[in-house]
Amino acid sequence: MAKVVTVVSPKADQADRTQSYAKTNARAGSKFNINNALNIIGYISSLATSYLGAIGGWFGGISNAELSSKYQTLITPNAKYFGIWAAIFLFQGFFVVAQLL
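All figures in this text were calculated on a predicted structure; none of them were measured in a lab.

Asks: Mind showing me how you'd approach the packing of aromatic side chains here?
Replies: Here a ring pair, both rings aromatic, is described through the centre-centre distance and the interplanar angle of the planes. If you walk through the whole model with that rule in mind, you get 2 aromatic pairs. Between Trp85 and Phe89, the ring centres sit 6.2 Å apart and the planes meet at 45°, which makes this aromatic pair tilted. Residue Trp85 and its partner Phe89 are located together in helix H4 (residues 84-100), separated by 4 residues, close to a single helical turn. Judged by relative accessible area, Trp85 falls into the partly exposed class, the value being 45%.

Asks: When you look at a nonpolar patch on the surface in this model, what are you seeing that I'm missing?
Replies: A cluster of nonpolar side chains, Ile34, Leu38 and Ile41, forms an exposed patch at the surface whose accessible area comes to about 320 Å². Note that Ile34 resides in helix H2 (residues 34-54). With a relative accessible area of 58%, Ile34 lands in the exposed category.

About the thresholds
- Residues numbered from 1 in each chain as written.
- Predicted model: local features only at pLDDT ≥ 70, side-chain atom pairs only at ≥ 80, totals over all residues.
- Heavy atoms only, no water.
- Phe/Tyr/Trp six-rings, centres within 6.5 Å; stacked < 30°, edge-to-face > 60°.
- Helix = DSSP H or I, 4+ residues; strand = E, 2+ residues; numbered from the N terminus.
- Buried < 20%, exposed > 50% of the residue type's maximum accessible area, 1.4 Å probe, protein only.
- Patch = residues over 30% accessible without salt bridge, like charges linked within 9 Å, V, L, I, M, F, W, Y side chains within 5 Å.
- Areas by Shrake-Rupley, 256 points an atom, 1.4 Å probe, with all protein chains shown as cover.
- Salt bridge = Lys/Arg side-chain N within 4 Å of Asp/Glu carboxyl O.

Right, dumping it as structure tokens:
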């Protein structure tokens, strides 16, 4: 049986990879797809659930600060540290917008 060896020049191989990469990027960034929609829906539902739970009185109507002071443990943070959630939701919002671009 004869052995077949194919020789490809490095320049031709790089040109093929560049074209393939350009096609992939053109397809990936050109449309609003189901992942974008699910990302937006997930963010809005997470934000709404947290807001309604903390401010709206749903899920028992007790805030994190009240629960923190009611159930003191060695690892219970001070109520002022629950403000980190504002930064978390802000950066989640940035991520959602970045996925749409």
